[in-house]
Amino acid sequence: MQEGDIMSCNQKSRVALFPGSFDPFTVGHEDIVRRALNLFDRVVVAVGVNRAKRGLLEPEARVRLIERVFAYEPRVEVSRYEGLTVEECHRVGAEWIVRGVRGASDFEMERTNAMVNGVVAPDVETVMICTRSEYEVVSSSVVRELLTFGGDVAQFLPEGININEYLNK
């Protein structure tokens, strides 16, 4: 065994948590996860649940949708959580939080969240990944708005996802 082999055997797995409501999960979210896989050994997509809000999709449907998107990617896991994001990081063994940033307003909000998380859990670091230009206008709220008025949302969702299979009935 060579020295490099010993180091790789003892190296800790780099786990990142990508938290969000993902209501619904979009092509922009998918792109952030795929790019995060270039930086981390494992990415946990964490579906946050806020019982005070009624979403377009039930949390279980969001989990199923994301699991389907990454069915053939063993380095992506999906969890469902309530409470503090940093607590979910600790539960799944993640030392990083991944956030996608579309513009200046996203950055300011995520910077504030990262600063608070750093105080609450100094062992968890936030990594921001800038959204690719083709996904800047894509957001879950845009998808929900289009659906409300009967618009076609296929171009905003991961390939092969039919949102009607996941909608609250």
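A short tour of the structure in this document, coming up. (Residues numbered from 1 in each chain as written. Predicted model: local features only at pLDDT ≥ 70, side-chain atom pairs only at ≥ 80, totals over all residues. Heavy atoms only, no water.)

## Details of the pairing of strand β2 (residues 42-48)
Along any regular strand the residues' side chains alternate between the sheet's two faces.
At step 1: Across the seven residues that make up β2, a large majority, six, are buried.
At step 2: In terms of strand pairing, strand β1 (residues 15-20) meets β2 through six bridges, oriented parallel. Bridging from a neighbouring strand, A16 pairs with V43 of β2.
At step 3: Each parallel crossover has a hand, and for β1 linked through helix α2 (residues 27-36) to β2 it is right-handed.
At step 4: Relative to strand β3 (residues 76-81), β2 runs parallel, the two being bridged by six bridges. Bridge pairing in β3 links V43 to V76.
At step 5: The handedness of the β2 to β3 crossover, carried by helix α3 (residues 59-69), is right-handed. (Buried < 20%, exposed > 50% of the residue type's maximum accessible area, 1.4 Å probe, protein only. Helix = DSSP H or I, 4+ residues; strand = E, 2+ residues; numbered from the N terminus. Pairing = 2+ DSSP bridges. Right-handed = clockwise from strand over helix to strand, strands pointing away.)

## Here we look at the pattern of salt bridges
At step 1: Within this structure, the stated rule accounts for 14 salt bridges.
At step 2: A salt bridge links E95 to K12; its shortest N-O distance comes to 2.7 Å. On the criterion of sequence distance, the pair formed by E95 in the loop between α4 (85-92) and β4 (96-101) and K12 in the loop between α1 (3-10) and β1 is long-range, its members being 83 residues apart.
At step 3: E95 gets classed as partly exposed once you look at its relative accessible area, which sits at 28%.
At step 4: Put simply, R111 and E108 hold a salt bridge, and the shortest N to O gap is 3.0 Å. Pair noted here: R111 and E108 are both in helix α5 (residues 104-120), with a separation of three residues, about one helical turn.
At step 5: Several salt bridges converge on common partners, so that one network encompasses D31, R35 and R132. (Salt bridge = Lys/Arg side-chain N within 4 Å of Asp/Glu carboxyl O.)

None of this, on its own, says anything about what the molecule does.
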